[in-house]
Amino acid sequence: MSSQEYEAIVIGSGPGGLSCAALLQKRGVRTLLVEKNSMLGGKMISIEKDGWAYDLFPHGQVPMRGSAFETVFAELGVSDEFEPALEPDDERDIITLAYRRHEWDKYKTVTQKQAMADPQPFFDLWEATEDEREKALVVMTELAMMPDEDIAKLDNMTMHEWLSERDVPAPLYNYMGLHANASLAEPLDLVAASEQILILKQIMLQGGGGQYKGGFGMLTKVMAREFEKNGGEILTEAKVERINVADGAVTGVETARGSFDAPVVVSSAGIQPTVLKLVGEEHFDRGYVDYVKGLVPGWAFTSVRYFLSRPVMDTAMYVVWSDDSWLDTARFRKQKEGGEPDEVILFMVNHSFYDEHAAPPGKQVLVSGTVCSSNPEAKEIEGIWSCMDRQMRELFPDIWDATERKEYNGPREISNLTRDAVLPGQGGECVGLAQIVGQCGSMKPKSETSIRGLYLAGADAGAAGMGTHQAALSGIEVARLTQHCLNKMYKAQ
Ligand SMILES: Cc1cc2nc3c(=O)[nH]c(=O)nc-3n(C[C@H](O)[C@H](O)[C@H](O)COP(=O)(O)OP(=O)(O)OC[C@H]3O[C@@H](n4cnc5c(N)ncnc54)[C@H](O)[C@@H]3O)c2cc1C
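The following paragraphs examine the structure supplied in this document.

The rules behind the values
- Residues numbered from 1 in each chain as written.
- Predicted model: local features only at pLDDT ≥ 70, side-chain atom pairs only at ≥ 80, totals over all residues.
- Heavy atoms only, no water.
- Core = buried A, V, L, I, M, F, W, Y, C linked by side-chain atoms within 4.5 Å.
- Buried < 20%, exposed > 50% of the residue type's maximum accessible area, 1.4 Å probe, protein only.
- Contact = heavy atoms within 4.5 Å.
- 1 Å grid on protein atoms, 1.4 Å probe; cavity = no way out; pocket = protein on both sides within 12 Å on 5 of 7 lines; lining within 4 Å.
- Points joined across faces, edges and corners; volume = space filled by probe spheres on them.
- Nonpolar A, V, L, I, M, F, W, Y, C, P; charged D, E, K, R; others polar.
- Near = heavy atom within 4 Å.
- Polar contact = N/O pair within 3.5 Å; in protein donor to acceptor, adjacent residues only side chain to side chain.
- Areas by Shrake-Rupley, 256 points an atom, 1.4 Å probe, with all protein chains shown as cover.
- Pairing = 2+ DSSP bridges.
- Helix = DSSP H or I, 4+ residues; strand = E, 2+ residues; numbered from the N terminus.
- Axes fitted to C-alpha atoms, helices over the stretch in contact; angles between N-to-C directions.

Thoughts on the nonpolar core
By size, the foremost hydrophobic cluster in this structure holds 56 residues, and its most contacted members are Trp126, Met159, Trp162, Ile197 and Trp321. If near-sequence neighbours (up to four positions away) are discounted, Met159 is found in contact with Leu143, Met176, Leu188, Val191, Ala192, Ala193, Gln196, Ile197 and Leu200. Met64, Val72, Ile476 and Ala479 belong to the second-largest nonpolar core, a separate cluster that totals 38 residues.

Structural notes on empty space enclosed by the protein
A full pass over the atoms with the stated rule returns one cavity of 30 Å³ or more. One number sums up the size of the largest cavity: a volume of about 30 Å³. Around the largest cavity sit Ser267, Ser268, Gly270, Ile271, Thr274, Leu456, Ala457, Asp460 and Ala461, which together line it. A per-class count over the lining of the largest cavity returns four nonpolar, four polar and one charged.

Let's talk about the site of the ligand
In the vicinity of the ligand there are 33 residues, among which Gly16, Glu35, Gly60, Ala459 and Thr468 approach most closely. A distance of 2.9 Å separates an oxygen atom of the ligand from a polar atom in the backbone of Gly16. Interatomic distance of 2.9 Å between a backbone N/O atom of Val240 and a nitrogen atom of the ligand. For the ligand, whose unbound accessible area comes to 990 Å², protein coverage reaches 97%.

Some details on the sheet that holds strand β10 (residues 258-261)
Pairing between the strands of a sheet is mediated by backbone hydrogen bonds and can be parallel or antiparallel. Taken in spatial order, the three strands make up an open sheet running β8-β9-β10, and their pairing is antiparallel. Where the open sheet ends on each side, the last strands, each with one partner, are β8 (240-246) and β10. Between one strand axis and the next, the sheet turns through 25° on average, direction left out of account.

What about the pairing of strand β9 (residues 249-255)?
Of all the seven residues making up β9, five are buried; the element is thus mostly covered by neighbouring parts of the structure. Judged from the six bridges that link them, β8 and β9 form a sheet pairing that is antiparallel. Bridged to Ala246 within β9 is Ala249. Hairpin geometry of β8 and β9 is characterised by an intervening segment of two residues between the two adjacent antiparallel strands and by a positive phi of about 50° at Asp247. Relative to β10, β9 runs antiparallel, the two being bridged by four bridges.

Laid out in structure tokens, this is it:
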């Protein structure tokens, strides 16, 4: 392979890397995509095995209308393949909410259809008083109507601080605690209000939590297919060991399958692994290295998948929380002490609801997840799995008899699949870097680096919002930056 064959090399085929690579190649930039795994998709991966077909992780899209993927598909000319899994007029109940107030013994549940505009069933779930309903509506209206420029001013305030300045009924505050965990894998007392409010607003105005026909893996498949169709090359099982730098500029990469040269390298391997391991500290100034080392990883999401001989869940999603189960920093520290927690939040996705081929006929596959530490060596994960299994048995008494097989995933598995652990406690992040005060909006790490031609794409750099959407937004932006960089280089020649 000639050393001048590529203009850009993209490391990683998650939503950040793949969206960037697909757009670059579509715009005529000769691009090589290198992926360490045998399968593409990063955390947005779908599995097809032994008659079962499902997304590996419990994914829901926010925003459902107007996501970054819609933009990418439009430019690739494949908008017709961008299909939400559910029709807008689907009449079935889609989501079950199960909630327990502190003083109650048991959970109470409601089911909701999609696009529910009426919040009253949600308030009924809390057994809210008239006064609580009115107060909750005031806060929810403020969230939904907040202009984007006002949201951007809240980078420096936690969601807890924002809520504390308002008259918020306790159950709504506790719901926000759940939401910070489930949508951002963050605690309410650290998450940037700008990030959480942006996501809440998107859910309320553009829809949220949905899936696609063919799962999230469809997004991966279509973008990879178009990338190759437009002349891009994909190298799997090609872990990048080194990003080469000479005279302050990138020159290419060393991989398990050989060396490749290009004047631009885009890394979606995570800012900390990229800077500290793949490039090496010696190529950056001390201040930047200290800044990168000081960045805080987001929490992980640990999951148990149930392969069932018969259906046990009849909605697409099932969310379980109580006033006592969502994690703030203090509760997280208690969880870190180990042992089996009394109760955790659960976010469940019933793959079979979205796709009749997710399981063999008559069977069902579903996944249940909760937040935990991103440390691949975290000792408390097995206790959390026991708690999750116990809660599932309480919620679905039939599940034990119906379970043919279970699969457990946690920060170790997430790290092995995607992001190297290069600092203590880091590697198993669910989204990427923590979306907390000091690391978001204007303080989010930039996609540009001090090394000419080196860019960071994906959840860690340059964008805002929920996981996959944020990563793809960053990919779109880095494709633009890459073109500018190449154009400047060509002009200078
Ligand atoms: C359990 C779980 C649940 C989630 N739920 C949701 C959800 O409901 N909604 C949502 O929007 N998001 C969700 N997310 C988050 C979302 O999946 C991530 O934020 C998103 O995938 C990040 O994209 P990325 O491109 O930055 O990184 P990744 O998806 O991690 O992709 C990075 C890629 O780089 C590759 N790579 C890394 N190092 C190297 C190397 N040295 N050489 C070659 N390749 C390398 C990896 O193998 C991987 O393919 C969830 C994640 C998890 C784990």
